[in-house]
Structure formats: structure tokens, C-alpha cells
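Summary of structural features
Below, each chain spelled out in residue letters.
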Amino acid sequence: MALLKVKFNQKKRVKLAQGLWLMNWFSVFAGILVFSMGLFLKIELRKRSEVMDNSESHFVPNSLILMGILSCAFNGFAGKICYDSLDPAKFAKWKPLLKPYLALCFFFNILIFFVALICFLMRGSLESTLAQGLKNGMKFYRDTDTPGRCFMKKTIDMLQIEFKCCGNSGFKDWFEIQWISNRYLDFSSKEVKDRIKSNVDGRYLVDGVPFSCCNPSSPRPCIQYQVTNNSAHYSYDYQTEELNLWRRGCREALLQYYSSMMSSMGAVVLLVWLFEMSVMVGLRLLHTSLESIANPEDPECESEGWVLENSLKDTLKSALESLKKIGKFNQVEADAEGAEGEEGGKTPAITTVS
């Protein structure tokens, strides 16, 4: 029994073709939207590529860009088919191409669904990328005189100001690295010497943070240095008092920013996928309804359209059988080639009669 079997007359076929033509052009605009979202996400990721450890995060925008281009191409082609289906003479040239085209549409829709899922599932990979990238970026914060790294201080400061964050996972991350350049340290000072000697790696570590960690909304002047020293500040307890530094780490802030963006894009791609699926089903109904016309010379006659000629179970069964036949055929060919090789390898015995 055919799946989604529908009876059509000439009027219904024309309405279906016209409706599909319109839907395909809507799908072209949807493809442009998907392409634009991928381009926007790629630009946003490139803005902060200095604090990202690898290029894996670009898989999502690249996929969106590719799906957008393919969507425009597929739906533009399908729109032409639907327009020509109104004229039997023009539609005749598309008949041999429709089955392969519908098969390509099926795999294309699988890819769209996969890309939509990836938009929701990339959070874990993005988190590890940001964690390592921010860690490396903070290490190079002090290298304002090193070529290739002199921009890192500005990048980190602008990032912390824009996203209202501090450090990788929190402000205490700055305590574990030397973020003050040696050129601004007085090595004749006893305090500087003692701090450097007290560290195994010979680094100048302080319980302080860069100015960009300060919260300008706080009524109290920013406590940027000696953050954990309660006696250094009047009426201050760093463990209980609300600090005038940003509490949130930049990894969490960036992860939330990009995750919400990709989730929204994933929801849009899912809607596009549903629309593409409905277009594909409609195109299949149009194709089968035109092919099943009993008398091509009489366009007014009724016909039947369907999505699958047999039930879903029977279709899957026949597909598996076809795959098995192809596998057996390849095995027979391989065995035959092996037998020919063995026969060719044998050298006939020659008897010499004297």
C-alpha cells in the first residue's frame, strides 16, 4: 500500500505546482538567511580567535554557509521544475532527472538536520577551546613588547570590559600568572626581589588583577591590588564582601554568548529543515501524480500521487535487499578476478622428447 496516496485532477496538479513554486522561492530566501547566519557567526568567532585554541569552532559557521549555498541552488532548481511542470512538453525533459534529484534532496535534508543538531551540541567543544585559548592569552598579557603578542593585552582588556568578566574562570586566575611586564618592575626594590625569589619559576606574582576587571558600577574605588589582604583596606573582607571586580569568568561569559547564538541559529535551521521536508514531499507528490497520468494526451484526466510507492516497511525491506544484491555481486566479481589471477600465475609443464 502506497504511503500518503492522494488523488489529483488537473486543477489540483496546477495548484500544487504553483504552491511548490512559491514555496521553493521562500526556501531560497531561507537559504540566504542560513548563509547570512553562518557568515555572521564566523565573523563573531574571528573577532576573538586570539582567545580560542583551535579552529574546530568554525565547523558550525562553515556548515551553515555551505547549507545556505546548497539550499539556494537546490530550491532554485526545484522552482524551475515546478514552473515547467505546468507545461507537459517542458516537463518531459525533467522526468529522467527527478528521481536522482529527489534522492539528493533527501540526503540534503539529512545534512540540514545534522547541522541543526550540531548547533545545539557544540557547547562542550567550544568550552574546552575557550578554556585553553583564554589560558594562553592571559599568559601573553604582559608581552607588550613581543612582536605577534603586543596586541594581546588590548584584546584581553577589551574582552573583560565588553563581557563584564575577569580571568578564565574567575578573578583569582590572575594570581597564578605574571601579568605585569618586567619593564615596569623595579628590580632594585626589596619587595620585587622577595616576590621573584619566593616563586619557583622566578615570576612576579601578586594578588592583583588588571584594571579591566574593575566594575565601574561599584560605589567603592576599585580594589585592584592586594585583593586578598583584608588589612590593606579599610572595612574590607574579600571573603564576605561583594568585590568591585567582575565575578564571572570570561570563559563562562563567552560560552553563554556563543551558545545562545548557536542555539537560536539551530532553532532557525530546524524550521528551515521542516520547510524543506514539506517542499520535498510536495515535489514527490507532483512527480508521481504527473507520471501516473493514464492518458498523457488528456491532461484533464485524474491521477494518483504518493510519497512512497509501497509502505515504509516494504520500502526499507526492498532497499536492504538491493544493498545485499550489490554486495553479493561485488563479492562474485572479486572471487572471479582472484580465480583468474591464480590461473594466470600457473606455468604449464613442458615435456621435452628426445
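Residues numbered from 1 in each chain as written. Predicted model: local features only at pLDDT ≥ 70, side-chain atom pairs only at ≥ 80, totals over all residues. Heavy atoms only, no water.

1. Remarks on the UniProt feature "transmembrane region" (unreviewed entry) in the protein
- If you check UniProt for "transmembrane region" (unreviewed entry), the listed places come out as residues 20-41, 62-81, 101-122 and 255-275 in our numbering.
- Segment residues 101-122 splits into 95% helix and 0% strand. End C-alpha atoms: 31 Å apart. (UniProt positions renumbered as here; feature names shortened; annotations may be inferred. Helix = DSSP H or I, 4+ residues; strand = E, 2+ residues; numbered from the N terminus.)

2. Structural notes on the confidence of the model for the protein
- Looking at the protein, the pLDDT average stands at 82 and 82% of residues meet or exceed 70.
- The least confident element of the protein, judged by mean pLDDT, is helix H9 (residues 312-345) at 60; the most confident is helix H6 (residues 152-163) at 94.
- Between residues 349-354, whose pLDDT stays under 50, and residues either more than four places distant or in other chains, the model counts zero contacts. (pLDDT = per-residue confidence, 0-100. Contact = heavy atoms within 4.5 Å.)

3. A closer look at the state of the cysteines
- Enumeration over the complete set of coordinates arrives at three disulfides.
- Each sulfur of the disulfide joining Cys165 and Cys250 lies 2.1 Å from the other. Disulfide Cys165-Cys250: the torsion about the S-S bond is 85°, which places it as right-handed. Pair noted here: Cys165 is in the loop between H6 and helix H7 (190-197) and Cys250 is in helix H8 (residues 250-291), with a separation of 85 residues, a long-range link.
- Using a relative accessible area of 2% as the deciding quantity, one classes Cys250 as buried. (Disulfide = S-S within 2.5 Å. Buried < 20%, exposed > 50% of the residue type's maximum accessible area, 1.4 Å probe, protein only.)

4. Digging into the pattern of salt bridges
- Going through the model one piece at a time under the given rule, you end up with 10 salt bridges.
- We note a salt bridge from Asp143 to Arg142, for which the minimum N-O separation is 3.9 Å.
- Here Asp143 falls in the buried class, since its relative accessible area comes to 13%.
- Of the charged contacts, one joins Arg195 and Glu191 as a salt bridge, the two residues approaching to 3.7 Å between their closest N and O atoms. Of this pair, Arg195 and Glu191 both sit in helix H7, separated by four residues, roughly a single helical turn.
- The class for Arg195 is partly exposed, based on a relative accessible area of 27%. (Salt bridge = Lys/Arg side-chain N within 4 Å of Asp/Glu carboxyl O.)

5. Remarks on the environment of Phe151
- As for its placement among the helices and strands, Phe151 is situated in the loop between helix H5 (123-139) and H6.
- Classification of Phe151 by relative accessible area gives partly exposed; the value is 34%.
- In this structure the C-alpha to C-alpha distance between Phe151 and Tyr141, which are 10 residues apart in sequence, comes to 8.5 Å.

6. Observations concerning the nonpolar core
- Leu41, Val60, Leu64, Trp174 and Val209 are the most contacted members of the largest nonpolar core, which has 80 residues in total.
- Of all elements in the fold, only helix H1 (10-47), helix H2 (59-84), helix H4 (95-121), H5, H6, H7 and H8 reach the threshold of two or more residues within this core.
- Sorting elements by how many residues they give to this core places H8 first, with 15 residues.
- In this structure, Trp174 is in contact with Met138, Tyr141, Ile156, Gln160, Cys166, Gly167, Trp179, Val206, Gly208, Val209, Pro210 and Cys213, ignoring residues within four places of it in sequence. (Core = buried A, V, L, I, M, F, W, Y, C linked by side-chain atoms within 4.5 Å.)

7. Concerning the side chain of Glu276
- Mapping Glu276 onto the fold places it in helix H8.
- We note that Glu276 is buried and unpaired, the nearest opposite charge coming from Arg284 at a distance of 16 Å.
- Only 3.0 Å separates the side chain of Glu276 from the side chain of Ser71, close enough to count as a polar contact.
- Not counting residues within four places of it along the chain, the set of residues in contact with Glu276 comprises Ser27, Ser71, Asn75, Phe108, Asn109 and Ile112. (Lys, Arg positive; Asp, Glu negative; His and termini not counted. Polar contact = N/O pair within 3.5 Å; in protein donor to acceptor, adjacent residues only side chain to side chain.)

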